Amino acid sequence: MKILITGANGMLGTAIKAALQEQELFCFSSKELDICCSFQLDQKVKNIRPDYIINCAAYTAVDLAEAEEDKAFKINALAVQKMAQISKQYKATLIHFSTDYVFKGDAATPYETDHETDPINVYGASKLAGEKAITQIGCKHYIFRISWLYAPHGKNFFKWVAGTDMKELKIVDSQTGSPTSALDVAAFIHHVLKNDPTAYGTYHFTNQGAWTWFDFAQAINNKLDLGKKITPVAEFKTAAKRPAYSVMNCEKTEGVFDYQIPSIEEGLDRVVRQYNS
């Protein structure tokens, strides 16, 4: 099985590479393969003829996207559209990652995959445009919406709380979601490739449960015994609006792929173990 991974040196790409070590991998960082360059992308896929293309390349700077809308759409939508066309041309299955930010955030219960999308920031809108491009082109594909991604490596909320010298942290408690370990996403992708049901479409994958950012910070503080003072605050003024509630229902994913998704706490425990090792 040949697998081409884009954005392979990012937080998610790094985790997926580690989880798929036994496969024949063709890994490209964003510097080695610019997904916005259609010619580069076409040549790589034409030469490798992968069974799967796993797209871990994305524009993820949520606040900066408000000022860089063209760049966000170029990477998250236009490049993804071309990737879907190339995947279809060479009969590869495209695995793509989207976000909880495609939803407005005003729900009271977890979002189903077919719930109406209505992003409230540029980042969410660009990711939704990428989703729509894939489904309209109709290549063999899996779109997995993930949320609040973190890992023991890379730049993310977990690493910031764990590594900052600040003894007192003020963390928002007005947003509720599902912090999701990149290690658990990678383990799931390993399972998908091993047991592919060819049930193409859009799915949700997040660690199970609902926490605020304040809850998450407290848990990191406790599990790493950091001794920090964590104070909840209503909100910080940011360039981009965030959904107040972005928990997603993953029952469809668990059923179709016959997979039990770990809880938020289980995911955090695994990241903590690797961080401490």
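This text goes with the structure placed above it.
Each residue is numbered by its place in its chain's sequence as written, counting from 1. Selection of residues for local features in this predicted model requires a pLDDT of at least 70, selection of side-chain atom pairs for listing and counting requires 80 or more, and totals for whole chains, interfaces and linings are taken over all residues. In computing side-chain properties, one takes all heavy atoms of the structure into account and sets aside hydrogens as well as water.

*Asks:* Mind showing me how you'd approach the overall build of the chain here?
*Replies:* A run of DSSP states H or I qualifies as a helix once it reaches four residues; a run of E qualifies as a strand once it reaches two. Both are numbered from the N-terminal end. Assigned secondary structure in the chain consists of 9 helices and 12 strands. Taking the principal axes of its C-alpha atoms as reference, the chain extends roughly 55 × 40 × 35 Å. Note on classification: 1.4 Å probe, protein chains only; a residue is buried when its accessible area is under 20% of the maximum for its type, exposed when over 50%, partly exposed between these limits. Expressed as a percentage of the 277 residues in the chain, the buried residues total 52%. Contacts are assigned to residue pairs that have any heavy atoms within 4.5 Å of one another. For the chain, the share of sequence-separated contacts (at least 6 apart) that also reach a separation of at least 24 residues comes to 80%. Within the structure as shown, the chain displays about 12,600 Å² of accessible surface, and the carbon and sulfur contribution to it stands at 47%. Neither His nor the chain ends is counted toward charge; the positive residues are Lys and Arg and the negative residues Asp and Glu. We put the charge of a Lys on NZ, of an Arg on CZ, of an Asp on CG and of a Glu on CD. Charge centroids of the chain, computed over 30 positive and 32 negative side chains, lie 7 Å from each other. Throughout, the Shrake-Rupley method with a 1.4 Å probe supplies accessible areas, and for residues the shown protein chains are the sole cover considered.

*Asks:* What am I meant to see in the nonpolar core here?
*Replies:* Among soluble globular proteins, nonpolar side chains are generally buried collectively. Core analysis: the largest hydrophobic core is formed by 84 residues, its most contacted members being Ile16, Ile54, Ile95, Phe97, Phe144, Ile189 and Leu268. Counting residues per element, this core draws most heavily on helix α6 (residues 182-194), which supplies 8 residues. Residues contacting Ile95, with those up to four places away along its chain left out, are Tyr52, Ile53, Ile54, Asn55, Tyr142, Phe144, Ile189 and Leu193. To qualify as a nonpolar core, a set must consist of buried Ala, Val, Leu, Ile, Met, Phe, Trp, Tyr and Cys residues joined through side-chain atoms within 4.5 Å. Listed in part, the 7 residues of the second largest apolar core include Phe103, Tyr111, Val247 and Met248.

*Asks:* I keep staring at the sheet that holds strand β2 (residues 24-28) and nothing clicks. Help me out?
*Replies:* In a beta sheet, neighbouring strands pair by backbone hydrogen bonds and run either parallel or antiparallel. Spatially, β2-β1-β3-β4-β5-β10 is the arrangement adopted by the 6 strands of the open sheet, whose pairing is parallel. Each edge of the open sheet carries a strand with a single partner, namely β2 and β10 (201-204). Each strand axis lies, on average, 20 degrees off the axis of its neighbour in the sheet, ignoring direction. Note that strand β1 (residues 2-6) and strand β3 (residues 52-55) share 4 bridges and pair parallel. Residue pairing across strands places Thr6 opposite Asn55, the latter belonging to β3. Here an axis means a line fitted to C-alpha atoms, over the contact stretch when the element is a helix, while the angle between two N-to-C directions is reported on a 0 to 180 degree scale. Set on the sheet, helix α2 (residues 38-48) makes contact with β1, β2 and β3; between it and β1 the angle comes to about 165 degrees. With respect to the sheet, α6 is in contact with β1, β3, β4 (93-99) and β5 (141-146), its orientation differing from that of β5 by roughly 160 degrees. If DSSP finds at least two bridges between two strands, the strands pair.

*Asks:* Whenever I open this one, the packing of α2 against helix α3 (residues 69-89) confuses me. Can you help?
*Replies:* Look at α2 against α3: their axes get within 10 Å of each other, and the N-to-C directions meet at 25 degrees. If you check the angle between α2 and α3, you find them roughly parallel. The element α2 and its partner α3 pack so that their crossing is right-handed. Contacts between α2 and α3 pair Ser38, Leu41, Asp42 and Val45 from the former with Lys82, Met83, Ile86 and Gln89 from the latter. Classifying every residue of the contact of α2 with α3 gives 4 nonpolar, 2 polar and 2 charged. When describing relative orientation, an angle under 35 degrees is termed roughly parallel and one over 145 degrees roughly antiparallel, while 65 to 115 degrees is termed roughly perpendicular and anything else oblique. Less than a right angle of anticlockwise turn of the near helix away from the far helix marks a crossing as left-handed, whereas a clockwise turn marks it as right-handed. Under this grouping Gly is polar, as are all residues other than the nonpolar Ala, Val, Leu, Ile, Met, Phe, Trp, Tyr, Cys and Pro and the charged Asp, Glu, Lys and Arg.

*Asks:* Is there a simple way to explain helix α7 (residues 213-223) in this structure?
*Replies:* Side chains that are three or four residues apart share a direction in an α-helix, a result of its 3.6 residues per turn. Turning to α7, its buried residues are Trp213, Phe214, Phe216, Ala217, Ala219, Ile220 and Asn221. Contacts from the buried residues of α7 go to β6 (149-150), α5 (157-163), β7 (168-172), β11 (211-212), β12 (229-233) and α9 (264-276). In the stretch just after α7, Asp225 is the one whose phi turns positive, near 55 degrees.

*Asks:* For this particular structure, what's the right way to read the packing of helix α1 (residues 11-19) against α6?
*Replies:* For any two helices packed against each other, one specifies the inter-axial angle together with the distance between the axes. Where α1 contacts α6, the two axes come as close as 8 Å, and the packing angle between them is 45 degrees. It follows that α1 is oblique to α6 by the angle criterion. Between α1 and α6 lies a crossing of right-handed hand. Along the contact surface, α1 presents Met11, Leu12, Ala15, Ile16 and Ala19, while α6 presents Ala182, Leu183, Val185, Ala186, Ala187, Ile189 and His190. When the residues that make up the contact of α1 with α6 are grouped by side-chain class, the tally is 11 nonpolar, 1 polar and no charged.

*Asks:* Looking at this model, I keep getting lost on the packing of aromatic side chains. Mind explaining?
*Replies:* Aromatic ring pairs are defined here through the distance separating the ring centres and the angle between the ring planes. The rule is short: rings of Phe, Tyr and Trp, with Trp giving its six-membered ring, pair when the centres are within 6.5 Å, and they are stacked under 30 degrees, edge-to-face over 60, tilted in between. Scanning the model with the defined rule gives 23 aromatic pairs in all. Relative to Tyr200, the ring of Tyr142 has its centre 5.2 Å away and its plane inclined at 55 degrees; by these criteria the two rings are tilted. On the criterion of sequence distance, the pair formed by Tyr142 in strand β5 and Tyr200 in the loop between α6 and β10 is long-range, its members being 58 residues apart. Each ring, one from Trp211 and one from Phe216, has its centre 6.2 Å from the other, and the planes form 50 degrees; the classification is tilted. Aromatic ring contacts, followed pair by pair, group Phe97, Tyr142, Phe144, Phe188, Tyr200, Tyr203, Phe205, Phe257 and Tyr259 into a single cluster. Note on geometry: a ring has a charge over it if NZ (lysine) or CZ (arginine) is within 6 Å of the ring centre and within 35 degrees of the ring normal. A cation over an aromatic ring shows up here: Lys252 above the ring of Tyr203, its NZ or CZ 4.6 Å from the ring centre.

Worth remembering: the numbers are spatial, not functional.
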